[in-house]
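The lines below spell out each chain.
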Amino acid sequence: MVYTVALIGNPNVGKSVIFNNLVPGARQHVGNWPGKTVEKKEGRFHHKGVEFNLVDLPGCYSLTARAVDELIARDFIVEEKPDVVVDIVDASNIERNLYLTLLLLELEANVVIALNMYDIAEEKGYRIDVEKLSEQLGVPIVPTVAIRKQGMEELKDVILQTAERKVVRKTKITYSKEIEAAINSITQIIQKDERLTRKYPVRWLAIRLLEGDEEVLEKIKGSKCEGELTKAISTDLRERLGEDPEIVLAEARYSIISNLLRTTLVKGAKKWTMTDMLDKVFLHKALGIPVFLVLMWATFQFTFIVSAPFMSIIEAIIAWVGSLFEAIPNEILRSFFVDGIFGGLGFVMTFIAPIFFLFFALSILEDSGYLARAAFVMDRLMFKLGLHGKSFIPMLLGFGCNLPAIMATRTIEDEKDRLLTILINPLMSCSARLPVYVLVAGAFWGTTMYAGTAVWGMYILGIVLAILMALFFRRTLLKGKPAPFIMELPLYRVPTFHGTVIHMWERGVVFLKKAGTYLLGGAIILWFLSSFPWGSEQSYVYLLGNLLSPIFKPLGFGWELSASLIFAFMAKEIVVEALGLIYAVEGETAIKAALASSITPLSGLAFMSFVLIYIPCLATIGVIKQETGSWKWVFLTVLYELILAYVVALMIVVVGRMLGFS
Ligand SMILES: Nc1nc2c(ncn2[C@@H]2O[C@H](COP(=O)(O)OP(=O)(O)OP(=O)(O)O)[C@@H](O)[C@H]2O)c(=O)[nH]1
Ligand SMILES: [Mg+2]
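Since we're looking at a predicted model, the values are computed, not measured.

1. Side note on helix H14 (residues 288-324)
Alright, step 1. With 37 residues, H14 should reach 54 Å at 1.5 Å per residue; the first-to-last C-alpha distance of 54 Å fits that figure.
Alright, step 2. At Ala308, H14 shows its maximal kink, close to 40 degrees; a proline, Pro309, follows between one and four residues later.
Alright, step 3. Among the residues of H14, Gly288, Thr299, Phe300, Thr303, Phe304 and Ser307 are the ones counted as buried.

2. Some points on the site of ligand 1
Alright, step 1. Near ligand 1 there are 28 residues, and of these Gly14, Lys15, Ser16, Thr37 and Gly59 occur at the shortest range.
Alright, step 2. Of all the secondary-structure elements, those providing two or more residues to the shell around ligand 1 are helix H1 (15-22) and helix H4 (118-123).
Alright, step 3. In terms of residue count, the dominant contributor to the shell around ligand 1 is H1 (three residues).
Alright, step 4. Residues that form the shell around ligand 1 fall into these classes: 11 nonpolar, 12 polar and five charged.

3. Describing the pairing of strand E5 (residues 111-116)
Alright, step 1. For E5, a buried count of six out of six residues is recorded, marking the element as mostly surrounded by other parts of the structure.
Alright, step 2. Residues Val111, Ile113 and Leu115 line one face of E5 and the alternating positions Val112, Ala114 and Asn116 line the opposite face, and both faces are buried.
Alright, step 3. As defined by bridge partners, strand E4 (residues 84-90) adjoins E5 across six bridges and the pair is classed as parallel. Paired with Val89 across the bridge in E5 is Leu115.
Alright, step 4. Since E4 and E5 lie parallel, the crossover through helix H3 (residues 94-106) that links them has a hand, and here it is right-handed.
Alright, step 5. By the bridge criterion, three bridges tie E5 to strand E7 (residues 141-143) in an arrangement that is parallel. If you follow Ala114 over to E7, its bridge partner there is Val142.

4. Quick look at helix H21 (residues 434-445)
Alright, step 1. The end-to-end C-alpha separation of H21 is 15 Å, in line with the 16 Å expected for 12 residues at 1.5 Å each.
Alright, step 2. The buried count for H21 comes to 10 of 12 residues, which makes it a mostly enclosed element.
Alright, step 3. Directly after H21, the chain includes Gly446, whose backbone phi takes a positive value near 55 degrees.

5. Regarding the packing of helix H9 (residues 202-211) against helix H12 (residues 245-262)
Alright, step 1. Between H9 and H12, whose axes approach to 7 Å, the crossing angle comes to 125 degrees. Classed by the angle they form, the pair H9 and H12 counts as oblique. Counted together, Ile207, Leu210 and Glu211 of H9 and Pro245, Glu246 and Leu249 of H12 form the full contact between these two elements.
Alright, step 2. Grouping the constituent residues of the contact of H9 with H12 by class yields four nonpolar, no polar and two charged.

6. Observations concerning the sheet that holds E4
Alright, step 1. Taken in spatial order, the six strands make up an open sheet running E2-E3-E1-E4-E5-E7, and their pairing is mixed. Of all the strands in the sheet, the pair left with one neighbour each is strand E2 (41-47) and E7. Taking the axes of each pair of neighbouring strands and ignoring which way they run, one obtains an average angle of 25 degrees across the sheet.
Alright, step 2. Lying on the sheet, helix H2 (residues 68-80) is in contact with strand E1 (2-9), strand E3 (50-56) and E4; it crosses E1 at an angle near 140 degrees.

7. As for the confidence of the model for the protein
As a note on interpretation, predicted positions should not be read in detail where pLDDT is low.
Alright, step 1. Looking at the protein as a whole, its pLDDT mean stands at 87, while 97% of the residues score no less than 70.
Alright, step 2. The secondary-structure element of the protein with the lowest mean pLDDT is helix H11 (residues 226-241), recorded at 72, while E7 shows the highest, at 97.

8. Quick notes on the domain arrangement of the protein
Alright, step 1. The assigned domain composition of the protein is domain 1 (2-165), domain 2 (177-266) and domain 3 (288-486 + 499-658).
Alright, step 2. Distance from the C-alpha centre of domain 2 to the C-alpha centre of domain 3: 52 Å.

What counts as what
Residues numbered from 1 in each chain as written. Chains lettered and ligands numbered in written order. Predicted model: local features only at pLDDT ≥ 70, side-chain atom pairs only at ≥ 80, totals over all residues. Helix = DSSP H or I, 4+ residues; strand = E, 2+ residues; numbered from the N terminus. Expected span 1.5 Å × (residues − 1). Bend = angle between axes of the 7 residues up to and from the residue. Buried ≥ 20, exposed ≤ 12 C-beta atoms within 10 Å, placed from the backbone. Near = placed C-beta within 6 Å. Nonpolar A, V, L, I, M, F, W, Y, C, P; charged D, E, K, R; others polar. Pairing = 2+ DSSP bridges. Right-handed = clockwise from strand over helix to strand, strands pointing away. Axes fitted to C-alpha atoms, helices over the stretch in contact; angles between N-to-C directions. Parallel < 35°, antiparallel > 145°, perpendicular 65-115°, else oblique. Contact = placed C-beta atoms within 7 Å. pLDDT = per-residue confidence, 0-100. Domains from an automatic or database assignment.

Below, the structure written as structure tokens:
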């Protein structure tokens, strides 16, 4: 017997931390902003000899699904009917969080409450009478501090007890006389259809129908009392209640909550917190964006400077291992290992250092709570431009990788807004492009501040182009009014070591997997094309590059750069592999020198921006297809990016020359 236990709760309350605590070896993404988990994730744990299947769900405020992620959570609870539902309640935000609790009780779920963030509630001066609250709700409550693993054993005990008791608790939440009368009359109709009563709790169904929940209306389609129900709901009941029943019921729930808390919660005097102070600066109307830009700049300077010595060390190690293969007698085989594997793939591997440090910096921004602020100030700007909010979290995540970033758009409710955010996401410069920037910027500006600044410039260019393209799509393909956005800002927090390690680990694994597949494949293809016909001056790569180079002539790219772009649709790091193989000189310094002597700095910048924009990688294309459900949008993205890349690169060269640069 395996019990299914679901973790549900508002966004950013610590569900995934609890999941990681309970499931041995789990490494769910944890961070300090709402909307991280967008898929359901399962894991197993044992307690006192009993096995549990634990399901981590996306956060949601109610069970009325507006966005894809909420739909996933709600469907799981409603349709799969887990044995136990652990409702994670943020103790420091208890009023709002209990709203979902009431909905779960209406649904007659077998609820256990984990009163998490208990430390923050205490810091805020809250005193909660847990026992009394538990009694009044009729549900067991376990206070927890998930990040310190406090309360986890108790939680497991309570989950076990609740699972074994099995009798579903029927805590009844009673509304006003009018509402109850309305609920009753719908209940009576529903009871005529056994097919419905067997599947859903009757009272819950009645309440949702009264609220006009569209998906629940969908569920009664085809029922023998459908006609009678729709008539009852649409006319007499709504009129009798006066206002929109959804609002009436929401108000009723909030008043139930405030009654509950009147006797169970004592709030201390409001203190001026660290979060209030920091937000004065980070959310400032005029300073917000400049502060964001400066922090980004600092991030790239940090990445560039700190990773340099590590790159040299990794390079030395790879070169040493590579030299062992020099002894292979067969000329072609030797070249395969020395030039292809160690010169191509090995060369890219040295760039794991900047990628790691970038992720280190990004994870600190994320876990401290700053990422949510950056998104907030940028969304504020977007909204002023007539674009929707809530899209900057996915965009900033794109700095890491476009895949999870595109998945993160699932939190956006409006379908057009979501599509728009997906279409512009590949313009956000992901970490796969970083090696190209580090190589090219390093070739021209060494380890001076200009190099880091040039890299930073690429990220900013990505943001600016994304905003411009969003404006363009909004006016053409995806016309509509932006939905106003509400974003909940988390408290600032000192990032945990564990959290940062998880982030870096996740990235490390992704990069190594990529190295073992795409990058290895790329290295083999490129080695073949650059070595054959064997012994000839004019290798296939040379021929291909020459074929393309007329197109890139205005940008100042020779055959080498042109050729390096061909295979990078598989993964953008392949550009670096290709350059390593094509220049085929010993070591990073020599490759940089060769690069610097073959193009001008201005063309270098144009090349960086071309790599940034020109085409999403294969994996991103797959995710765009998956999330939009149509090749049409994939095709559009590829097409507009190709054109945009060329135009922008050309502008850099032309405008740069006019300004007197070379
Ligand atoms: N101080 C404190 N912080 C906590 C506690 N539990 C979780 N956190 C922090 O809260 C943040 C959110 O935790 P997650 O587990 O990612 O939240 P979630 O509910 O899964 O969020 P979504 O998936 O976005 O809905 C992280 O920064 C955690 O470190 C706690 O008990 N006390
Ligand atoms: Mg989560």
